[in-house]
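Residues per chain, in single letters:
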Amino acid sequence: MRRAFVALWLFVASPSLAVPAQAPAEAKAPASESSAKVAAPASETGAKVVAPASETGAKVATEFPPEVERALDALVRADLKQGPTAGLSVGVMRGGQRWMRGFGYRDLGKKLPATVRTTYRMASITKSFTAVAVLQLAQAGKLDLDADIRTLVPEYPVKQWPVTVRQLLGHLGGVPTYDSPSAGNNTKPVSTREAIGLFAERPLSSEPGTRYLYTTWGFNLLGAAVETASGKSYREYLRDHVFGPAHMSHADLDELSTRDAEQAVGYRVAGSTLKPSRFLDVTSRFAGGGTRASVEDLLGFARAVLDDALVTRETMGRMQATMVTRDGRITDYGMGFATYPLRGHYIVAHAGGQPETTTLLVLLPAEDTAIALATNVEDEAKRLRRLSLRLMETVLDEGAPARGGHFTDPVDAVAYEGMGRLASYGLAYHDWATRGPGTLPPETDLPGAFAKVTALFERATIARDTRGAMERIRGAHEPRGESLFIRVGAHMAATVEKVLGVERLRSYRTQGSAAFFADYLAACETLKCPETERFSKGVRDDVARFVAGWKRAEVPTLRRSRLEDVKDPERLWPSLKEAAARAPSVRPDYTDELLTLADRAKRKPTDRMRWLERATELHPESMDAHLAQAVGLLEADREAEAGPHVREAFETPEGSLVLSPAGFLRRLLDTRSPKVARGLLRTAVTLHPDAPELWEALAKRERALGDPGAAKVALGQAKRARQVRAAQEARAPRPPGIVAPAGSAPDKAPSGTTSPSVPVDPEAPPEP
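(A) Molecular detail of the packing of helix H11 (residues 410-435) against helix H19 (residues 537-553). The N-to-C vectors of H11 and H19 enclose an angle of 95°; their axes lie 11 Å apart at closest approach. By the angle between their axes, H11 is roughly perpendicular relative to H19. Contacts between H11 and H19 pair Asp412, Tyr416 and Met419 from the former with Val539, Asp542, Val543, Arg545, Phe546 and Trp550 from the latter. A class-by-class count of the residues in the contact of H11 with H19 yields six nonpolar, no polar and three charged.

See below:
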C-alpha cells in the first residue's frame, strides 16, 4: 500500500511495507564557482576486504558466497547509474560474513577513488557513539540517567522544567533544534562550553516527556555530561572507550587537524553537476554530529554493538527499545538509535546528513546483520534508504521483494493494513525478544487482546468510519492502544514457529501478511488453540479471500525478482494487467517498482510519464502512485492536472491520515524543486486551510519563485490559522498520563511520533 523508504527511515509509513521520514537538509549556501561533472560509479576499489577477528571474541570475518557478492555489487552499480554521484562506500555484514566495496571517487578533481578505507563525516551517526558513552558511564555508576542535566552541565541555565539525561537520549527533553539557517552554520572551531553557549539561552520548546523533537543541541549537552562524568575530553573518552574497543581504527572527531589523505571531499548536487560543499566546522555539534569514520569503522561499531562488547546486553536492550511520550505514543527512537519494525525485521539504525556527506547505519540485532553506507554527496538520504532496503533483501531474503497488497474496497484496504502492521510488529518483536536483546510487553489477558484485535478488523465497524478505523489500527501497537499488535502478533509468531519452524517466519516478508494469518490459524488447528485465540469467522474469511486473491494475481516471473530488475520490464506490462484482471479486488502491489522505473526514466520525460500513468492505472487506489504522478505533472508544468491526483491521494484511507500537514511537509523534504514543492503546497492548503505551517511553507516557495504578492497572501493566511490554532489549544484539555508497558523504555524516559519507516537525521535547520 505504500512505497518503501519514501517518507525520511522520512521516512511516517506502515512498518509492514515501508521505512522512516527524512529530516531537513542543511541550508544551502551559494553555489561555488567551481563545479565537477557527474562522475560515473568508477572503480571497484577496496573489493573483498576481510577484516581480522576482533580481540574481544568477535566472529572471524569471511566472504559471502560469490553469487551473493555479485548480486550486491550489481544492485549498487545499477542504483548509482541513476544520478549524480561522486564516491560511495558500502559495507554489509551478516554473522561472520563481510562484504565491503568503494565506488566512484572520494576526490573528483584529483580522481582519487573511494574505498572502504575512505573516511567520511558521520554527521548524526555520532549520536549513537555518544549514547553508548553515556550508557557506559551510567553502568559504571558515574552518571544517573534520571539526573537533571544541570547537575552535569551547570553552565546550562535553568529552564521552565528540569531535563533529564534519559530524556535527552531519546529527544524528549524539549531542547530546541536549529531555528534558523544561521543557527547551524558555524565556520570556526569552538570549545565544549562555547558549543553549549550557542543555544543555552533558548527556552525549551516543550515540556520534557510530552513531545519528540530531534535535536543535535540536546546531544551536545550529553557530550558535555560525558566530559564531566569521565573527567576526560569527549574526544579522549570516545577514543578510549568506544572507538578503541570497537576497532574503529580511523574514527576520530572531524577536525581539520585529524583529517588524513583518505578523507572524502564533499559535494552537493546542482542540476546535473556536482559542486563543492560549503564549509561547516562541526565542533559546534561535536556530540551530535562531529565525528568522522570509514565504512570499515562503522561495521566494527556494529559488530561491537551486536556482540554486546560496549555495554551489557541488558543495557543494549534498553537502548534499542523505543521511548514513549507521556500520552502513550511511541517515538521509534530509543537511546541514540532509531528503532522500529520494518517488514517483520526489528531495525536499529541512524542516518546522518551534513555538508560533505550522507551516511546510514542499519543494524538488525535479531539477525546479526548490519549495513553501512557513506557518500560524499549531500542530501542523498533517499538513495541510501533505497539501497539499504535492496541490500537487506539480497542478504536476508535471497533477493525476493517484499510487496504490500492493493485493494479496490477501502474496507479491505484498512483490514489488510491492520494485518500488515500486526504481522510486522509481531514478527519483529518476537525475533528481537527471542534472538536479540529485547523484551516483550507483559501478557495479562491474551484472550481479551485477541478480542480487541478482532474488533479492529470487523468489516461493519470499518465501513462506518474508514478514517477512524485506520487511525485506531495505526495506534494499536502503542501503549495508548494497549500494545495490542505487539502482544497478539508476537504470540502468533511464537505459535507458528512452534509448529512450522523459524524459517517459516522469514517467508511472510515476500508472501504477504495474510499468509502469516493463514499459517497461524493452521498452527492453531494442530495445537488445538482455544477458540478465543482464533479470531472471528469474519476475519478468518477475509484471510482466506486475501490469500486466494494474492495467489491468483501473482506474476510468476516476479515472484523472486523486482520489476525494475527484469531485463525488459516493458514486456511484462501485459502480464501485470492480466493479473490485475484475474483478481481485481485483491492483489500484490507493484507501485514501488513502477515508480522506480519512472525514476530511472527521468531523463526521458515521455517514458517517465508513461510509467507514472501505469502506476495509477494498475493501482488507482494507491496514495503513492497518485502523489508520484502529481510530482511528474508539476515537473512538466502541468499544475492544473496535478491537483486532482493530490486530492485522490488524500482521499485514500491511508492518505487521510498520512497526508496531514506534517505529512505533507515531510514529503517536501524529498523535493528539491521549489516549483514542485509550491504545486504540492497549493493543493495541500486547500485540504488543510487551517494549517499555518503549510501556508508559511507556501509563502517561502512563492517568494523563492518570484511572486511576493502570493507570498504575502499566504503569510496572511498563516497568521489567521495560527490565531485559530492558539484559540483551540487554549480550550483543549490536557491528556492524562499513560504508563508504558515492559518492552518499551520507562515512562519517565518517553519519546514522540509514530512509526517512521527509516532512520532519521534531522541534523540541519528545519523547513519552516
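Following the structure, the description resumes.
(B) Examining the side chain of Ser89 more closely. When you line up the elements, Ser89 lands in strand E3 (residues 87-94). Take Ser89: its relative accessible area is 0%, and that puts it in the buried class. One polar contact links Ser89 to Tyr120, side chain to side chain, over a distance of 2.7 Å.

(C) Geometry of unusual backbone geometry. With a phi angle near 55°, Arg343 is a residue other than glycine that sits in the positive phi range. Among the secondary structure elements, Arg343 is positioned in the loop between strand E11 (338-342) and strand E12 (345-354). A residue is classified by how much of its surface remains accessible, and Arg343, at 8% relative accessible area, is buried. Positive phi outside glycine occurs at Asp379, with the angle close to 55°. As for its placement among the helices and strands, Asp379 is situated in the loop between strand E14 (369-375) and helix H10 (381-396). Owing to a relative accessible area of 28%, Asp379 belongs among the partly exposed residues under this scheme.

(D) Representation of the pairing of strand E13 (residues 357-364). Taken across its eight residues, E13 has eight buried, putting it largely inside the fold. Burial along E13 is two-sided: the face carrying Thr357, Thr359, Leu361 and Leu363 and the face carrying Thr358, Leu360, Val362 and Leu364 are both buried. With seven bridges connecting them, E12 and E13 associate as antiparallel partners. What sits directly across from Gly353, in E13, is Thr358. Between E12 and E13, which follow one another and run antiparallel, lie two residues, and Glu356 among them has a positive phi close to 90°. Looking at chain direction, E13 and E14 are connected through seven bridges and run antiparallel. When the sheet's bridge partners are listed, Val362 is paired in E14 with Ile371. Where E13 hands over to E14, the hairpin turn is made up of four residues, of which Asp368 adopts a positive phi near 50°.

(E) Spatial organisation of the pairing of E14. Where burial is concerned, most of E14 is hidden: seven out of the seven residues are buried. Of the two faces of E14, the one carrying Thr369, Ile371, Leu373 and Thr375 and the one carrying Ala370, Ala372 and Ala374 are both buried. Relative to E14, E3 is paired through seven bridges, and the arrangement is antiparallel. In the strand pairing of E14, Met93 is matched with Ala370.

(F) Just the sheet that holds strand E6 (residues 119-121), in detail. Pairing is antiparallel across the open sheet formed by three strands, whose spatial order is E6-E10-E7. A strand with exactly one partner marks an edge of an open sheet, and here the two such strands are E6 and strand E7 (252-253). Where E7 and strand E10 (residues 291-294) come together, two bridges link them in antiparallel fashion. Within the sheet, the bridge partner assigned to Asp252 lies in E10 and is Arg292.

The rules behind these values
Residues numbered from 1 in each chain as written. Predicted model: local features only at pLDDT ≥ 70, side-chain atom pairs only at ≥ 80, totals over all residues. Heavy atoms only, no water. Axes fitted to C-alpha atoms, helices over the stretch in contact; angles between N-to-C directions. Helix = DSSP H or I, 4+ residues; strand = E, 2+ residues; numbered from the N terminus. Parallel < 35°, antiparallel > 145°, perpendicular 65-115°, else oblique. Contact = heavy atoms within 4.5 Å. Nonpolar A, V, L, I, M, F, W, Y, C, P; charged D, E, K, R; others polar. Buried < 20%, exposed > 50% of the residue type's maximum accessible area, 1.4 Å probe, protein only. Polar contact = N/O pair within 3.5 Å; in protein donor to acceptor, adjacent residues only side chain to side chain. Pairing = 2+ DSSP bridges.

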